[in-house]
Amino acid sequence: KQEVTQIPAALSVPEGENLVLNCSFTDSAIYNLQWFRQDPGKGLTSLLLIQSSQREQTSGRLNASLDKSSGRSTLYIAASQPGDSATYLCAVKNSGNTPLVFGKGTRLSVIA
Amino acid sequence: GAVVSQHPSWVICKSGTSVKIECRSLDFQATTMFWYRQFPKQSLMLMATSNEGSKATYEQGVEKDKFLINHASLTLSTLTVTSAHPEDSSFYICSAWSGMGGTDTQYFGPGTRLTVL
């Protein structure tokens, strides 16, 4: 059964700092991996989706990498801003019609 | 991206009553709907998987007689929480996936916050 772990559980950084969020998964035979953002009391916002054949995806200040063989992904946030404060969730899908399995998330606070 | 709506966005009900939550895929046909719930400061936990026209498959520990899922059409799935109790208070999120057209993405609804008094 797929299990997803995210480290750290919480992170507080000063504005402007670059940071890395980590995600690991137990079953490396994934279909794709997705990073989401969740603001308090709100739903999910999809940030980046990496297919199993891809190594990374970029969107603006965000870069996500995938090392399928080692069961790891990282989300890199450059030049962090207070507006980046949220919980970041990593989720993996083992096949097209199976559900995304979520990690517990990393709660990020960016201090102005 | 595709749009998934949920209704209501929040609901407060008395203990013992039933609540129905609707999930619609607005611009694509969802062959599979997934229902998740999220307790405060926890991650999303899968409750059940529903394929259009079939009975839902429930995760271990989720009572199928309490959480009734219907997926009668390719654009609508409903979750009914029967005889709700305070411990059912949670954030319920649906997610739609289409096996047609090649989309690889699960699209998420905005969630429904249920509070049972």
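Use the structure listed above.
Enquirer: Sorry, what's going on with the interface of chain B and chain A here?
Expert: As a measure of interface size, the accessible area lost when the parts come together is often cited. Listed per partner, the contact involves 15 residues of chain B and 21 residues of chain A. Buried area between chain B and chain A, summed over both chains or domains, comes out near 1,400 Å², and the portion from carbon and sulfur atoms is 56%. Inspection of the chain B/chain A interface yields 0 salt bridges. Here chain B is connected to chain A by 5 residue pairs in polar contact (both at pLDDT 80 or more). Within the residue set of the side of chain B that touches chain A, elements represented by two or more residues are strand 4 (32-38), strand 5 (45-51) and strand 9 (90-97) of chain B. For the side of chain B that touches chain A, the element with the most residues is strand 4 of chain B, which contributes 3 residues. Residues of the side of chain B that touches chain A, tallied by class, amount to 8 nonpolar, 5 polar and 2 charged.

Enquirer: Explain the sheet that holds strand 6 (residues 56-59) of chain A here, please?
Expert: The strands that make up a sheet pair up through hydrogen bonds in the backbone, lying either parallel or antiparallel. Residues and elements named next belong to chain A. The antiparallel open sheet is built from 5 strands, whose spatial order is 1-3-8-7-6. On the outer flanks of this sheet lie strand 1 (4-7) and strand 6, each paired with one strand and no other. Averaged over all pairs of adjacent strands, the angle between strand axes in this sheet comes to 15°, irrespective of strand direction. Where strand 6 meets strand 7 (residues 62-67), 4 bridges bridge the pair, whose relative direction is antiparallel. Bridge assignment links Thr 58 to a residue of strand 7, and that residue is Asn 63.

Enquirer: Where do I start with the environment of Ile 69 of chain B in this structure?
Expert: All names here are of chain B. Tracing the sequence through the fold places Ile 69 in strand 7 (residues 67-73). Given the relative accessible area of 16%, Ile 69 is considered buried. Sequence separation between Ile 69 and Lys 20 is 49 residues; the distance between their C-alpha atoms is 9.5 Å.

Enquirer: Mind showing me how you'd approach the nonpolar core here?
Expert: Most often, soluble globular proteins keep nonpolar side chains buried together rather than apart. Of all hydrophobic cores here, the largest spans 25 residues; its most connected members are Val 4, Trp 35, Phe 67, Leu 79, Tyr 92 and Leu 114 of chain B. Of all elements in the fold, only strand 2 (10-13), strand 3 (19-25), strand 4, strand 5, strand 7, strand 8 (76-81), strand 9 and strand 11 (112-116) of chain B reach the threshold of two or more residues within this core. In contact with Leu 114 of chain B, other than residues within four places in its own chain, are Val 11, Cys 13, Val 19, Val 81, Asp 88, Ser 89, Ser 90 and Tyr 92 of chain B. Formed by 22 residues, the second largest nonpolar core is a distinct cluster that contains Leu 21, Ile 30, Leu 33 and Trp 35 of chain A.

Analysis parameters
The written sequence of each chain sets the order in which its residues are numbered from 1. Note on labels: chains are lettered from A, ligands numbered from 1, in written order. Totals for whole chains, interfaces and linings use all residues, but because this is a predicted model, local features are given only for residues with pLDDT of at least 70 and pairs of side-chain atoms are given and counted only at 80 or more. Hydrogens and waters are ignored; side-chain quantities use all the structure's heavy atoms. In this analysis, two residues are considered to be in contact whenever any of their non-hydrogen atoms come within 4.5 Å of each other. Note: buried area is the sum, over both parts, of the accessible area (probe 1.4 Å) each one loses when the two are combined. Any carboxyl oxygen of Asp or Glu within 4 Å of a side-chain nitrogen of Lys or Arg constitutes a salt bridge here. Polar contact criterion, stated in full: a pair of N or O atoms within 3.5 Å, where within protein one must be able to donate a hydrogen and the other to accept it, and residues adjacent in sequence count only if both atoms are side-chain atoms. The way it works is that DSSP assigns letters per residue, a run of H or I at least four long becomes a helix, a run of E at least two long becomes a strand, and they are numbered from the N terminus. Each residue is assigned to one class: nonpolar for Ala, Val, Leu, Ile, Met, Phe, Trp, Tyr, Cys and Pro, charged for Asp, Glu, Lys and Arg, and polar for all the others, Gly among them. At least two DSSP bridges between two strands are needed for those strands to be called paired. Interaxial angle, 0 to 180 degrees, is taken between N-to-C directions of lines fitted to C-alpha atoms, where a helix line uses only the stretch in contact. Relative accessible area decides the class of each residue, using a 1.4 Å probe on protein chains only: under 20% of the type maximum gives buried, over 50% gives exposed, and in between gives partly exposed. To define a nonpolar core, start from buried Ala, Val, Leu, Ile, Met, Phe, Trp, Tyr and Cys residues and group those joined through side-chain atoms within 4.5 Å.

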